[in-house]
Amino acid sequence: MAIAQSTARLRCIACGATPDSAGPGFRCVTCGDLLEFFFSGWSFDPAALKSLWLGRRTSRNALDQSGVWRFRELLPHIPEEHAITLREGNTPLYQLPRCAKIAGLDHLYAKHQGMNPTASFKDTGMTLAASAAHRDGFRWVACASTGNTSASMAAYASRGNMRSLVLIPEGKISWGKLSQSLDYGALTCQLRTDFDGCVRILNDLVRQKPVCLLNSVNPYRIEGQKTAAIELLEQLAWEPPDHIIVPGGNLGNSSALGKALLEMRELKLISRLPKLSIIQAQGANPFYRSVREFGGTKLEPVIADTQATAIRIGNPASWKKALRVLQATGGEVEQVTEVEIARAKAEIGADGIGCEPASAVTLAGLKKLRQRGFVKPAETVVLILTGHLLKDPDFTIKFHRGELFRGTQHENEAAQAQPMQRAPVVLDANLGAVIAALDAAEGISNAKS
Ligand code: F0G
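Notes on the structure in this doc start here. (Residues numbered from 1 in each chain as written. Predicted model: local features only at pLDDT ≥ 70, side-chain atom pairs only at ≥ 80, totals over all residues. Heavy atoms only, no water.)

This part takes up the overall build of the protein. Within the protein, the secondary structure is distributed over 15 helices and 12 strands. In summary, the protein has a C-alpha radius of gyration of 22 Å against a globular reference of 22 Å for 449 residues, a match within 12%. With respect to the three principal axes, the spread of C-alpha positions in the protein is 80 × 50 × 50 Å. Expressed as a percentage of the 449 residues in the protein, the buried residues total 57%. Partitioning the contacts of the protein with sequence separation of at least 6, the portion at a separation of at least 24 is 70%. (Helix = DSSP H or I, 4+ residues; strand = E, 2+ residues; numbered from the N terminus. Rg over C-alpha atoms; globule rule 2.2 N^0.38 Å. Buried < 20%, exposed > 50% of the residue type's maximum accessible area, 1.4 Å probe, protein only. Contact = heavy atoms within 4.5 Å.)

A word on the pattern of salt bridges. Here the structure, examined in full by the defined rule, presents 30 salt bridges. In this structure, the salt-bridge partner of Arg56 is Asp64, at a minimum N-O distance of 3.5 Å. Each member of the pair Arg56 and Asp64 is classed as buried. Among the ionic pairs, Glu332 bridges to Arg372, the shortest N-O distance being 3.0 Å. (Salt bridge = Lys/Arg side-chain N within 4 Å of Asp/Glu carboxyl O.)

To continue, consider the packing of aromatic side chains. By the definition in use, this model includes five aromatic pairs. Between Phe39 and Trp42, the ring centres sit 4.5 Å apart and the planes meet at 5 degrees, which makes this aromatic pair stacked. As far as the burial class goes, Phe39 and Trp42 line up, both buried. Aromatic pair Trp53 and Phe71: ring centres 5.0 Å apart, planes at 80 degrees, arrangement edge-to-face. Pair noted here: Trp53 is in helix H1 (residues 46-55) and Phe71 is in the loop between helix H2 (62-65) and strand S3 (93-95), with a separation of 18 residues, a long-range link. Neither residue differs from the other here; Trp53 and Phe71 are each classed as buried. An aromatic cluster of at least three residues, connected via ring pairs, comprises Phe39, Trp42 and Phe44. Between Arg11 and the ring centre of Phe38, over which it is positioned, the NZ or CZ distance is 4.3 Å. Stacked on the ring of Phe294, the Lys or Arg Lys298 has its end atom at 4.4 Å from the ring centre. (Phe/Tyr/Trp six-rings, centres within 6.5 Å; stacked < 30°, edge-to-face > 60°. Lys NZ or Arg CZ within 6 Å of the ring centre and 35° of its normal.)

Okay, the sheet that holds strand S4 (residues 108-112) next. Across the sheet, six strands lie side by side as S3-S4-S12-S9-S10-S11; this open sheet has mixed pairing. Of all strands in the sheet, those bounded by a partner on one side alone are S3 and strand S11 (333-336). Adjacent strand axes in the sheet meet at a mean angle of 25 degrees, parallel and antiparallel pairs treated alike. Where strand S10 (residues 275-281) and S11 come together, four bridges link them in parallel fashion. In the sheet register, Ala281 faces S11, and the bridge partner there is Val336. Docked against the sheet, helix H9 (residues 252-266) engages strand S9 (243-247), S10 and strand S12 (381-385), running at close to 180 degrees with respect to S10. Packed on one face of the sheet, helix H10 (residues 286-294) meets S10 and S11 and runs near 130 degrees to S11. (Pairing = 2+ DSSP bridges. Axes fitted to C-alpha atoms, helices over the stretch in contact; angles between N-to-C directions.)

Around the ligand, the surrounding shell holds 20 residues, and the nearest of these are Ser145, Asn148, Asn250, Leu251 and Thr386. Lys122 has a polar side-chain atom sitting 2.9 Å from a nitrogen atom of the ligand. Between the ligand and Gly252 there is a distance of 3.1 Å, counted from an oxygen atom to a backbone nitrogen or oxygen. About the coverage of the ligand: the protein hides 98% of its 480 Å² of free accessible area. Of all the secondary-structure elements, those providing two or more residues to the shell around the ligand are helix H5 (148-159) and H9. Of the residues belonging to the shell around the ligand, the class tally is seven nonpolar, 11 polar and two charged. (Near = heavy atom within 4 Å. Polar contact = N/O pair within 3.5 Å; in protein donor to acceptor, adjacent residues only side chain to side chain. Areas by Shrake-Rupley, 256 points an atom, 1.4 Å probe, with all protein chains shown as cover. Nonpolar A, V, L, I, M, F, W, Y, C, P; charged D, E, K, R; others polar.)

In helix packing, the relevant descriptors are the interaxial angle and the interaxial distance, both defined with respect to the helix axes. Their axes nearest at 11 Å, the elements H10 and helix H11 (residues 319-329) cross at an angle of 55 degrees. Taken as axis vectors, H10 and H11 run oblique relative to one another. Considering the relative orientation of H10 and H11, their crossing is right-handed. Taken together, the residues of H11 that come into contact with H10 (itself represented by Phe287, Ser290 and Val291) are Trp319, Ala322, Leu323 and Leu326. Counted by class, the contact of H10 with H11 contains six nonpolar, one polar and no charged residues. (Parallel < 35°, antiparallel > 145°, perpendicular 65-115°, else oblique. Left-handed = near helix turned anticlockwise from the far one by under 90°.)

A cluster of nonpolar side chains, contributed by Val425, Leu427 and Val434, occupies part of the molecular surface with about 270 Å² of accessible area. With respect to the secondary-structure elements, Val434 resides in helix H15 (residues 431-441). (Patch = residues over 30% accessible without salt bridge, like charges linked within 9 Å, V, L, I, M, F, W, Y side chains within 5 Å.)

To continue, consider the nonpolar core. Core analysis: the largest hydrophobic core is formed by 39 residues, its most contacted members being Leu74, Met264 and Phe287. Beyond its immediate stretch of four places on either side in the chain, Leu74 contacts Phe39, Trp42, Phe44, Leu49, Trp53, Glu223, Lys226, Ile230, Leu267 and Leu269. Membership of the second largest hydrophobic core comes to 33 residues, among which are Ile78, Ile84, Ala130 and Ala132. (Core = buried A, V, L, I, M, F, W, Y, C linked by side-chain atoms within 4.5 Å.)

For the rest of this paragraph, the subject is the packing of helix H4 (residues 122-135) against H5. At their nearest, the axes of H4 and H5 sit 9 Å apart, and the two run at 45 degrees to each other. Classified by the interaxial angle, the pair formed by H4 and H5 is oblique. Seen from above, H4 lies across H5 with right-handed handedness. Every residue of H5 that contacts H4 at Lys122, Asp123, Met126, Thr127 and Ala130 is listed here: Asn148, Thr149, Ser152, Met153 and Tyr156. Its residues assigned to classes, the contact of H4 with H5 comprises four nonpolar, four polar and two charged.

Laid out in structure tokens, this is it:
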């Protein structure tokens, strides 16, 4: 029996208005807050839905092969001829045994969203938002970005024969990400400002030019990013973990994953909610401060500064959505220092997985949540790793060479990360030198020779 897709409608998260369509900034025309999709009157047989999704894993159809469109019953409908897919999603769930030990847990998992086509979680939302832009006849799409959204948008725009405009803060994104948007064919503008400044200009631009905004205020992005949580639950045989831990920047991703959890419970695909916790870098912590200092009643923007450039964001757009998720799931917020991030990144690397700096806040934050007793040793925890290790090789190389914190205020604290550093050794090209290096690494004293 065919399972029908539900009808998705837009709704303002603050005043509840339900507009038929969104304006260029994807904001409520009545109160200016964010819009989200909701699905009226959906009801599914949970077992039938699960088996339909599982069956699509063996299909030759392009949409079925996508780890996003495979779950299309829970997404707004977009006609197939407009779907732009790079077979995103389908990302692995790994065990992190060494990191588990470090964090004092029996089991620790990582859902690696860096294993997407452009190497970050952004692809899962971009496939849907770019397809919606294509359906709506846009020639140009645009985003402000710390690098991953722009890389993803540029790729999907090109696949859909659309042009893309990227606004990025000059000098504050990694070369890996910048190189992607160049190769994928975007018009790339490096603005002399930060991410928040890029967002302001983009918001003005989309009111003057027929350009589709593809930042995560675009609710299609959130819908696509939801599927990572659905896929995760499928990988865990629909047995919810106790905790999911997510990095927080503009707070679209935590909003999306939380929305999926709540919808899955509503649809009886799962019987209980994992706690979703959000971790920020201490230098870019407006959400942490909002929750801890103001009980979530307001968010005061900060001037953000962190070497985890992906989350160098001082005025997160989706903070109210993320707050709702935090409250609904009983999750926590944490902040972590630059050195804690760098160390955690190397620890995830040493488990043979690796990730970019922003993703490593999850492990650094988990350690703190363990110390506070919020996470218990026997509980199941999933870290959402948002970007691939190769996104930011500069950071990694500087870390291992001991240069990352040289001359910074973090120099003293950096000593705690030294045991994780593996600087390359430069040797003369002779066998003896290599054997000596090998023996030294094995801890064999050269004294006996
Ligand atoms: N991790 C990575 C690797 C990111 O690129 C981002 C955001 C985040 C975490 C935070 O996710 O914003 O949904 O809370 N990157 C955006 C960009 C802002 O432009 O690439 P969020």
